[in-house]
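Spelled out, the chains give:
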Amino acid sequence: MSNGEPTPGRDRPRASTTLSRRGFLGVVAASGALTAALTAGQTVQWLKSTALLAARLPGVGPQGLPVNVTAKAAAVLDVAQDPRWSLVVEGRDAQLELSLDDLLDMEQHDVELPIACVEGWSSNASWRGVRLKDVVALVGDAPDGVRVESLQQGSRYRTSEVDVNHLEDDLTLLALELNGEVLSLDHGYPARLISPGRPGVMQTKWLSSVVVL
Ligand SMILES: Nc1nc2c(c(=O)[nH]1)N[C@H]1C(S)=C(S)[C@@H](COP(=O)(O)O)O[C@H]1N2
Ligand SMILES: [Mo]
């Protein structure tokens, strides 16, 4: 047959061929759905309920988003909750410190952006906070980019660079809230970076400073 379909034998009822093809198509559809689920964002909750796959996935943490490294594991529980916390903004000529209240007094913006971890999960979230470029503008530079630094010590994940394109992007925030609540400790309280199209590893948590490059 030119269309490559199996030809039912004369002695086999047509219906049995149709049924077996349907069965085959059912398997194809099911595996397609699984592939789609594994590659799509926002599926972590669904996968968690699938016992077969649960062992390979991170737990769904506070505020509905997985946590890769907790505040406790990063040894920032005390420094992150210190009421004297402030964000150091280091310009080329000027330096200033912004308290959490100072940041909250600035214009707040809402963005929807995923965290996409190379370990194989991606999850969308709503973030609210100040634009990174608004913070950098306070020290009056036209930077080539910035480096953000974490309160966390001794981890290669404690800093990341934000190039000028991401810095100028309206969606690049120093996030103070996640999914309608104050950022939880595990997600980077008091402030964390969130920026579009960067791997999760560069969405630095528990910020201590922003350094103009
Ligand atoms: N300071 C710091 N920031 C960090 C990390 C870290 O270990 N330390 N892990 C990164 C990685 S690998 C990912 S995937 C995201 C996870 O963010 P979440 O735990 O809020 O989901 O945070 C990033 N920011
Ligand atoms: Mo990650």
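These remarks concern the structure in this document. Quantities reported herein were computed from a predicted structural model and do not represent experimental measurements.

1. Quick look at the side chain of Ser184
For step 1, the next point in the chain: Tracing the chain through its elements places Ser184 in the loop between strand 8 (181-182) and strand 9 (192-194).
For step 2, the next point in the chain: Here Ser184 falls in the buried class, since its relative accessible area comes to 15%.
For step 3, the next point in the chain: Once residues lying within four places of it in the same chain are set aside, the contact partners of Ser184 are Pro62, Gln63 and Tyr189.

2. Some thoughts on the site of ligand 1
For step 1, the next point in the chain: The environment of ligand 1 is formed by 19 residues, the closest being Pro66, Asn68, Gln152, His187 and Lys205.
For step 2, the next point in the chain: Between Gln152 and ligand 1, the recorded distance is 2.6 Å, taken from a side-chain N or O atom to a nitrogen atom.
For step 3, the next point in the chain: Gln203 is positioned such that a nitrogen or oxygen atom in its backbone is 3.0 Å from a nitrogen atom of ligand 1.
For step 4, the next point in the chain: Considering ligand 1 on its own, with 530 Å² of exposed area, one finds that the protein chains cover 99% of that surface.
For step 5, the next point in the chain: If you map ligand 1 onto the pockets, it falls in the largest pocket.
For step 6, the next point in the chain: Looking at the shell around ligand 1 residue by residue, the classes come out as 10 nonpolar, seven polar and two charged.

3. A closer look at the nonpolar core
For step 1, the next point in the chain: Residues Leu87, Leu103, Leu132, Val135, Val146, Leu174 and Val210 are the most contacted members of the largest nonpolar core, which totals 28 residues.
For step 2, the next point in the chain: Secondary-structure elements contributing two or more residues to this core are strand 1 (86-90), helix 6 (132-137), strand 5 (145-150), strand 7 (173-178) and strand 10 (207-212).
For step 3, the next point in the chain: The residues contacting Val135, other than those within four sequence positions of it, are Leu87, Val89, Leu98, Leu103, Met106, Val130 and Leu174.

Reading the values: rules and limits
Residues numbered from 1 in each chain as written. Chains lettered and ligands numbered in written order. Predicted model: local features only at pLDDT ≥ 70, side-chain atom pairs only at ≥ 80, totals over all residues. Heavy atoms only, no water. Helix = DSSP H or I, 4+ residues; strand = E, 2+ residues; numbered from the N terminus. Buried < 20%, exposed > 50% of the residue type's maximum accessible area, 1.4 Å probe, protein only. Contact = heavy atoms within 4.5 Å. Near = heavy atom within 4 Å. Polar contact = N/O pair within 3.5 Å; in protein donor to acceptor, adjacent residues only side chain to side chain. Areas by Shrake-Rupley, 256 points an atom, 1.4 Å probe, with all protein chains shown as cover. 1 Å grid on protein atoms, 1.4 Å probe; cavity = no way out; pocket = protein on both sides within 12 Å on 5 of 7 lines; lining within 4 Å. Sits in = over half its atoms within 2 Å of the grid points. Nonpolar A, V, L, I, M, F, W, Y, C, P; charged D, E, K, R; others polar. Core = buried A, V, L, I, M, F, W, Y, C linked by side-chain atoms within 4.5 Å.

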